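An overview of the molecular structure
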Amino acid sequence: MSRILLRNCVLLDPEGPDEAPGTLLLEGERIAARLAPDAESEDARVVDLAGARVAPGFLDLHHHGRAIFAANHAIGSQVRHDARELLRHGVTGFLITSVAWPGPRLAEFVTSAAEAASAPSGDGATPLGLHLEGPWIRAEAAGAQPRVAVRVPEGAEVREILARGEGRIRMLTYAPEVEGAEMLQDELLRHCVIGALGHSLARHLDAERVMERGARHVTHLYNAMGAFHHRAPGLAGLALADERLTCDLICDGVHVDPQVVRFTARSLGERLLLISDRLDPEPGADFGAGPLRDDGVALRLEDGTLAGSRLTLESAAANLAAFARVPAAEAVAAATLRPARLLGIEAQRGTLRPGARADLAVLDGRGGVLETWLGGRRVYPTTG
Ligand SMILES: [Zn+2]
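In terms of helices and strands, the protein chain carries 10 helices and 20 strands. Against the 2.2 N^0.38 benchmark of 21 Å for 384 residues, the protein chain shows a C-alpha radius of gyration of 20 Å, consistent with a compact globule. For the protein chain, the spread of C-alpha atoms along the principal axes amounts to about 65 × 50 × 40 Å. Here the protein chain holds 384 residues, and 59% of them are scored as buried. Sequence-distant contacts in the protein chain: of pairs separated by 6 or more residues, those separated by 24 or more amount to 70%. Split by element, the accessible area of the protein chain, about 15,300 Å² in all, is 49% carbon and sulfur.

Turning next to the coordination of the zinc ion. Coordination of the zinc ion by the protein comes from His 62 (NE2), His 64 (NE2), Glu 133 (OE) and Asp 277 (OD), over a distance range of 2.1 to 2.2 Å. Here the zinc ion binds 4 donor atoms, and the angle range of 85 to 170 degrees at the metal identifies the geometry as irregular. On the basis of relative accessibility, which here comes to 6%, the residue Asp 277 falls in the buried class.

To continue, consider helix α7 (residues 258–268). Three or more residues of α7 are buried, namely Val 261, Thr 264, Ala 265 and Leu 268. An end-on view of α7 places all buried positions within 100 degrees of arc, on one side of the element. Facing away from the buried side of α7 by more than 90 degrees, the exposed set consists of Gln 259 and Arg 266. The inward-facing, buried residues of α7 contact α6 (234–241), β12 (246–250), β13 (272–275) and α8 (313–324). Measuring from the backbone nitrogen of Gln 259 back to the side-chain oxygen at the start of α7 gives 2.8 Å, which picks out Asp 257 as the cap.

Let us now look at the domain arrangement of the protein chain. By domain assignment, the protein chain separates into domain 1 (3–55 + 350–380) and domain 2 (57–343). For domain 1 and domain 2, the distance between their C-alpha centres works out to 29 Å. Among the residues of domain 1 in contact with domain 2, Pro 14, Gly 350 and Leu 374 are the three that bury the most area, contributing 28% of the side total. Along the contact surface separating domain 1 from domain 2 lie 1 salt bridge. Here Arg 377 and Asp 123 are joined by a salt bridge, their closest N and O atoms 2.7 Å apart. Mapped by element, the contributors of at least two residues to the side of domain 1 that touches domain 2 are β5 (53–56), β18 (360–363), β19 (369–374) and β20 (377–380). Here the element with the most residues in the side of domain 1 that touches domain 2 is β19; it accounts for 4 residues. Of the residues that constitute the side of domain 1 that touches domain 2, the class distribution is 11 nonpolar, 5 polar and 9 charged.

This part takes up unusual backbone geometry. Cis geometry is found at the peptide bond from Gly 134 to Pro 135, where omega equals 10 degrees. Within the secondary structure, Pro 135 is located in the loop between β8 (126–133) and α3 (155–164). Going from Tyr 380 to Pro 381, the amide bond is cis rather than trans, its omega being -10 degrees. The residue Pro 381 is located in the segment after β20 in this model. Backbone geometry at Ala 50 places phi at a positive 50 degrees, although glycine is not the residue there. Relative to the elements of secondary structure, Ala 50 occurs in the loop between β4 (45–48) and β5. Its relative accessible area of 66% is what places Ala 50 among the exposed residues. In this structure, Cys 192 is a non-glycine residue whose phi angle is positive, near 55 degrees.

Counted by the stated rule, this structure contains 33 salt bridges. In this structure, the salt-bridge partner of Arg 190 is Glu 187, at a minimum N-O distance of 2.9 Å. Linking Arg 190 with Glu 187, this pair stays in helix α4 (residues 181–190), spanning 3 residues, or about one helical turn. Here Arg 190 falls in the exposed class, since its relative accessible area comes to 59%. Here Arg 300 ties to Asp 295 by a salt bridge, and the two come within 2.8 Å at their closest N and O atoms. A residue is classified by how much of its surface remains accessible, and Asp 295, at 34% relative accessible area, is partly exposed. Through salt bridges that share partners, Glu 182, Asp 186, Arg 203, Asp 206, Arg 209 and Arg 213 make up one connected network.

Looking now at the packing of aromatic side chains. On inspection of all chains with the given rule, the structure shows 2 aromatic pairs. With a centroid separation of 6.0 Å and an interplanar angle of 65 degrees, the aromatic rings of Phe 69 and Phe 287 are classed as edge-to-face. Separated by 218 residues along the polypeptide, Phe 69 in the loop between β6 (58–65) and α1 (75–87) and Phe 287 in the loop between β14 (278–279) and β15 (292–294) bring together distant segments of the chain. In this structure, Phe 69 and Phe 287 share a single accessibility class: buried. Ring plane angle 50 degrees and centroid distance 4.9 Å describe the contact between Trp 101 and Phe 109, whose orientation is recorded as tilted. For Trp 101, a relative accessible area of 4% puts it in the buried group. Phe 109 gets classed as buried once you look at its relative accessible area, which sits at 0%. Seen from the ring of Trp 101, Arg 105 lies directly overhead, with NZ or CZ sitting 4.4 Å from the centre.

Basis of the calculations
- Residue numbers restart at each chain and count upward from 1, following the sequence in its written direction.
- At least 70 in pLDDT is required for a residue's local features to be given in this predicted model, at least 80 for side-chain atom pairs to be given and counted, and no such filter applies to totals for whole chains, interfaces and linings, which use all residues.
- Side-chain metrics in this entry use all non-hydrogen atoms of the structure; hydrogen atoms and water are not considered.
- Helix and strand assignments follow DSSP, with helices taken as H or I runs no shorter than four residues and strands as E runs no shorter than two, numbered in order from the N terminus.
- With C-alpha atoms as the basis for the radius of gyration, the globule rule is written as 2.2 Å multiplied by the number of residues raised to the power 0.38.
- Partly exposed residues are those whose accessible area sits between 20% and 50% of the maximum for their type, while under 20% is buried and over 50% is exposed, using a 1.4 Å probe and protein chains only.
- The contact criterion used throughout is that any non-hydrogen atoms of two residues lie within 4.5 Å.
- Computed by Shrake-Rupley with a 1.4 Å probe, the accessible areas treat only the displayed protein chains as cover when residues are assessed.
- For Na, K and Ca the donor cutoff is 3.2 Å, while for all other metals N, O and S atoms must lie within 2.8 Å; water is not among the atoms, so some sites may look incomplete.
- Each label reflects the angles at the metal, where four donors whose angles all fall between 85 and 135 degrees are tetrahedral, four or six donors whose opposite pairs open beyond 155 degrees and whose other angles stay between 65 and 115 are square planar or octahedral respectively, and the rest are irregular.
- The directions considered for the arc run from the helix axis to the C-beta atoms.
- Between N or O atoms, a polar contact is any pair within 3.5 Å; within protein, one atom must be a potential hydrogen donor and the other a potential acceptor, and residues adjacent in sequence are included only when both atoms are from side chains.
- What marks off one domain from the next here is an automatic or database domain assignment.
- Buried area adds together the accessible area that both of two parts lose upon being put together, with accessible area traced by a 1.4 Å probe.
- Every case where a carboxyl oxygen of Asp or Glu lies within 4 Å of a side-chain nitrogen of Lys or Arg is listed as a salt bridge.
- Three residue categories are used. Nonpolar comprises Ala, Val, Leu, Ile, Met, Phe, Trp, Tyr, Cys and Pro, charged comprises Asp, Glu, Lys and Arg, and polar comprises the others, including Gly.
- Note on ring pairs: Phe, Tyr and Trp rings are taken, using the six-membered ring of Trp, and paired if centres are within 6.5 Å. Classes follow the plane angle, with under 30 degrees stacked, over 60 edge-to-face and the rest tilted.
- Put simply, a charge is over a ring when the Lys NZ or the Arg CZ is close to the ring centre, within 6 Å, and near the line of the ring normal, within 35 degrees.

Here it is in structure tokens:
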């Protein structure tokens with residue numbers, strides 16, 4: 001089995017207090033050991049990282065990419081394209097994320113994406129499964145989701161979609177106040193799908209009802225949900241206050257103001273996760289909500305409504321460190337260890353523990369991606 005010694009680097013350990021110089025020994029697809037900076041190994045190939053920082057590969061629980069724009073027959077090939085693109089940004093695992101669509105399109109997407117998530121990932125980030133964002137959300141909080149497709153969950157459709165997912169649906173975002181939400185949450189729990197609350201104007205009592213039945217995550221805190229008010233906390237207030245909930249945030253400086261990111265990070269601590277909510281439309285592309293405009297930072301519908309981001313997780317982590325003034329290792333944890341923990345895969349991914357997969361992001365001093373490693377091989381850049 002091939003052994004590689006990654007030397008002259010600083011380890012950004014999401015489980016450590018902060019960054020520290022070290023050496024990483026890789027054996028085949030795994031991390032074999034964390035060693036002192038001057039460690040040697042006779043039979044290992046030495047790779048000098050010239051002082052760069054090494055973090056676990058980023059894990060994106062909410063990535064739309066190009067796949068949501070694909071015609072039905074091309075969904076699989078666009079997922080593979082997205083998977084390769086993500087390596088440029090240090091992402092080694094992601095959830096293929098849908099939007100609210102009418103029945104036939106949603107069904108086709110789930111079937112094709114589940115198939116893509118079952119196939120060997122090759123030289124791309126690993127699709128860890130599917131995240132269905134809607135369609136069982138609140139029309140008034142749809143954001144850029146196609147409103148015509150927003151509907152209430154009905155048992156037959158819920159069960160059909162979950163069956164088509166063949167166990168690959170890992171997360172589903174729904175509004176807890178819609179009629180049928182409790183039935184939906186019961187089905188999600190039965191199928192081991194994370195019930196995530198979002199696109200909602202829920203009062204906190206609506207959310208507590210589904211939390212009693214197993215809901216435990218909040219999707220893009222503050223965006224597409226009722227505003228926090230000190231006498232009407234709603235879903236955002238509950239998310240901040242209730243320690244049973246983890247929350248993800250779009251940390252691009254536009255979706256949530258940097259000051260709000262700062263107090264949110266303080267309030268949530270380890271419950272804060274980072275997502276990209278990224279879309280990669282070709283010019284003129286439309287996923288069902290109308291034409292999109294790229295303003296250089298985010299995507300918007302013609303009326304100005306935010307419609308997903310142009311964010312990468314490398315920038316999200318760097319932004320979090322800057323906005324919230326937290327150490328780099330803690331910002332990295334929000335995009336590695338914590339999503340892995342939520343998915344229940346932290347024994348394999350999201351850490352620098354011996355035994356974990358050698359999926360790594362090699363970063364420069366500002367958090368930009370220099371290299372990405374997948375299963376003990378450098379896969380980005382591919383030459384040089
Ligand atoms: Zn989204």
